[in-house]
Amino acid sequence: MTTPSPLPDPVVRAPAPVPGSGGLVDRHGRTAIDLRVSLTDRCNLRCSYCMPPEGLQWLPKVEQLTDDEVVRLVRIGVEQLGIREVRFTGGEPLLRPGLTGIVAATTALLPRPEVSLTTNAIGLSRMAPALAEAGLDRLNVSLDTLDRERFRQLTHRDRLPDVLAGLQAAKDAGLTPVKVNAVLLRGINEDDAVPLLEYCLEHGYELRFIEQMPLDAHHAWTRGEMVTAEDILARLTATHTLVPDVEERGAAPAERWLVDGTDLTVGVIASVTRSFCGACDRTRLTADGQIRNCLFAREESDLRTAMREGATDAELADRWRIATLTKLPGHGIDDPSFLQPSRPMSAIGG
């Protein structure tokens, strides 16, 4: 089997001309054009690397952005700040009652952004047609195993058939390419690497393995127990031939390989061991209206309060620009002083 080449160093973008004006430019020359919007912190699964079985204390409804507030901030991002891609996340975004309306309002913006969704796919078999009609372009589905009992062990819910049905419904509705995100945990689902790849190849889904990140609610993550990108690739190349994809990576987080001489790919997002912070083009909006420059940021900038106190679109755009200037050069996981953010992934948005 072919041994894959090492993950390349990410390309650092050239500095933008005037930080603080125009788009969302930070002090390190990166421009944010990809907006991740968390629509809720609630989830109907309890994945062990995200939250405890009993769940978390959810955000009070009054603190969450309304549908109109979400659409307004997304519109400001698109029309005034150069956002070109919008990804709706959670928690689980399918739990948001107004989801299809939010998607429809976003796809109606000019210039029209690419609009996608990250979901666990529970309920997607019912909602996929409506999301496609609202203009959703594509989606990512989280799936860490094809073994029903292992799925129940990982998520504390027996919902694997619902997830697989949701994947098929997304494909049938034309929400393609359907991407599958998988996290491998040492001693739990490492053996699922190859079965997941073969399942995705068979069904035409694009598989992306993601290194487990320190974003669990109970702060139990340790780097020594993490399944690394190199561990994942070693498992895959034991049974399949992988050749590096020559397509330019740009700001995409996944390094991709062509599988078995075909044009089908598998990707690995090495967020921890081979960070791509230098090419980051993302900004994040939480369900309660906070701007975050990084998944691992320990500071946020409040847009909700200013908006509810009557700030104009221009004033909110300026606040967003100023918040972007504080973006750090990297997530700093390798720094001895690194502290895990107080919010878990479910409250930040993927």
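The preceding data block contains the structure.
As the structure is a computational prediction, the values presented were derived from the model and not from experiment.

Rules used in this analysis
- Residues numbered from 1 in each chain as written.
- Predicted model: local features only at pLDDT ≥ 70, side-chain atom pairs only at ≥ 80, totals over all residues.
- Heavy atoms only, no water.
- Helix = DSSP H or I, 4+ residues; strand = E, 2+ residues; numbered from the N terminus.
- Buried < 20%, exposed > 50% of the residue type's maximum accessible area, 1.4 Å probe, protein only.
- Contact = heavy atoms within 4.5 Å.
- Areas by Shrake-Rupley, 256 points an atom, 1.4 Å probe, with all protein chains shown as cover.
- Core = buried A, V, L, I, M, F, W, Y, C linked by side-chain atoms within 4.5 Å.
- Arc of directions from axis to C-beta.
- Polar contact = N/O pair within 3.5 Å; in protein donor to acceptor, adjacent residues only side chain to side chain.
- Phe/Tyr/Trp six-rings, centres within 6.5 Å; stacked < 30°, edge-to-face > 60°.
- Axes fitted to C-alpha atoms, helices over the stretch in contact; angles between N-to-C directions.
- Parallel < 35°, antiparallel > 145°, perpendicular 65-115°, else oblique.
- Left-handed = near helix turned anticlockwise from the far one by under 90°.
- Nonpolar A, V, L, I, M, F, W, Y, C, P; charged D, E, K, R; others polar.
- Salt bridge = Lys/Arg side-chain N within 4 Å of Asp/Glu carboxyl O.
- Pairing = 2+ DSSP bridges.

### Here we look at the overall build of the protein chain
Now for step 1: When helices and strands are tallied, the protein chain shows ten helices and 14 strands.
Now for step 2: Put simply, the protein chain has 350 residues, and 53% of those count as buried.
Now for step 3: Of the contacts made within the protein chain by residues no fewer than 6 positions apart, 74% connect residues no fewer than 24 positions apart.
Now for step 4: Within the structure as shown, the protein chain displays about 14,800 Å² of accessible surface, and the carbon and sulfur contribution to it stands at 52%.

### Describing the nonpolar core
Now for step 1: One finds Phe88 and Phe209 to be the most contacted residues of the largest nonpolar core, which totals 88 residues.
Now for step 2: Once you skip the residues sitting within four places of it in the chain, phenylalanine 209 turns out to touch Ala182, Leu184, Ala193, Leu196, Ile232, Leu236, Val266, Gly267, Val268 and Ile269.

### Describing helix H4 (residues 148–155)
Now for step 1: Residues Phe151, Leu154 and Thr155 constitute the buried set of H4. Down the axis of H4, the buried side of the element spans an arc of 80 degrees, and every buried residue falls inside it.
Now for step 2: Where the residues of H4 are buried, they touch helix H5 (160–172).
Now for step 3: For H4, the side-chain oxygen to backbone nitrogen distance between the N-cap and glutamate 149 is 3.1 Å, and the N-cap itself is aspartate 147.
Now for step 4: Histidine 156 sits one or two residues past H4 and shows a positive phi near 60 degrees.

### Regarding helix H2 (residues 99–107)
Now for step 1: Listed in full, the buried residues belonging to H2 are Leu99, Ile102, Val103, Thr106 and Thr107. One side of H2 carries all its buried residues, which in axial view fall inside an arc of 125 degrees.
Now for step 2: Looking at the packing, one finds that the buried side of H2 touches helix H1 (67–81), strand S4 (85–89), strand S5 (114–119) and helix H3 (124–133).

### Digging into the packing of aromatic side chains
Now for step 1: Applying the stated criterion across every chain, the model contains one aromatic pair.
Now for step 2: Both rings, one in tyrosine 199 and one in tyrosine 205, keep their centres 6.1 Å apart while their planes meet at 50 degrees; by these two values the pair is tilted. For the residue pair tyrosine 199 and tyrosine 205, the accessibility class agrees, reading buried in each case.

### Let's talk about the environment of arginine 138
Now for step 1: With respect to the element layout, arginine 138 can be found in strand S6 (residues 138–142).
Now for step 2: When the C-alpha positions of arginine 138 and leucine 117 are compared, they lie 6.7 Å apart, and in sequence the two are 21 residues distant.
Now for step 3: Within polar-contact distance, the side chain of arginine 138 engages the side chain of asparagine 140 at 2.9 Å.

### Some remarks on the packing of H2 against H3
Now for step 1: Taken N-terminus to C-terminus, the directions of H2 and H3 make an angle of 25 degrees; their axes are 9 Å apart at the nearest point. The angle between H2 and H3 falls in the class roughly parallel. Here H2 and H3 pass one another in a crossing that is right-handed. Facing H2, whose interface residues are Leu99, Thr100 and Val103, H3 presents Met127, Ala130 and Leu131.
Now for step 2: In terms of residue class, the contact of H2 with H3 is made up of five nonpolar, one polar and no charged.

### Some remarks on the pattern of salt bridges
Now for step 1: Under the definition given, this model contains 23 salt bridges.
Now for step 2: Taking the shortest distance from any N to any O, the salt bridge between glutamate 69 and arginine 308 comes out at 2.9 Å. Of the two residues, glutamate 69 is situated in helix H1 and arginine 308 in helix H8 (residues 304–308); the sequence distance between them amounts to 239 residues.
Now for step 3: Taking relative accessible area as the criterion, glutamate 69 reaches 14% and is therefore assigned buried.
Now for step 4: Salt-bridge contacts for arginine 235 lead to glutamate 190; the nearest nitrogen and oxygen are separated by 4.0 Å. Placement of arginine 235 in helix H7 (residues 229–237) and of glutamate 190 in the loop between strand S7 (179–182) and helix H6 (193–203) is noted, with a sequence separation of 45 residues between them.

### Examining the pairing of strand S11 (residues 265–269)
Now for step 1: Counting buried positions along S11 yields five of five residues, so the element is predominantly enclosed.
Now for step 2: Residues Thr265, Gly267 and Ile269 of S11 are buried on one face, and the alternating residues Val266 and Val268, pointing to the opposite face, are buried as well.
Now for step 3: For strand S8 (residues 206–210) and S11, the ladder comprises four bridges, and the chain directions are parallel. Following the sheet pairing, arginine 208 is matched in S11 by glycine 267.

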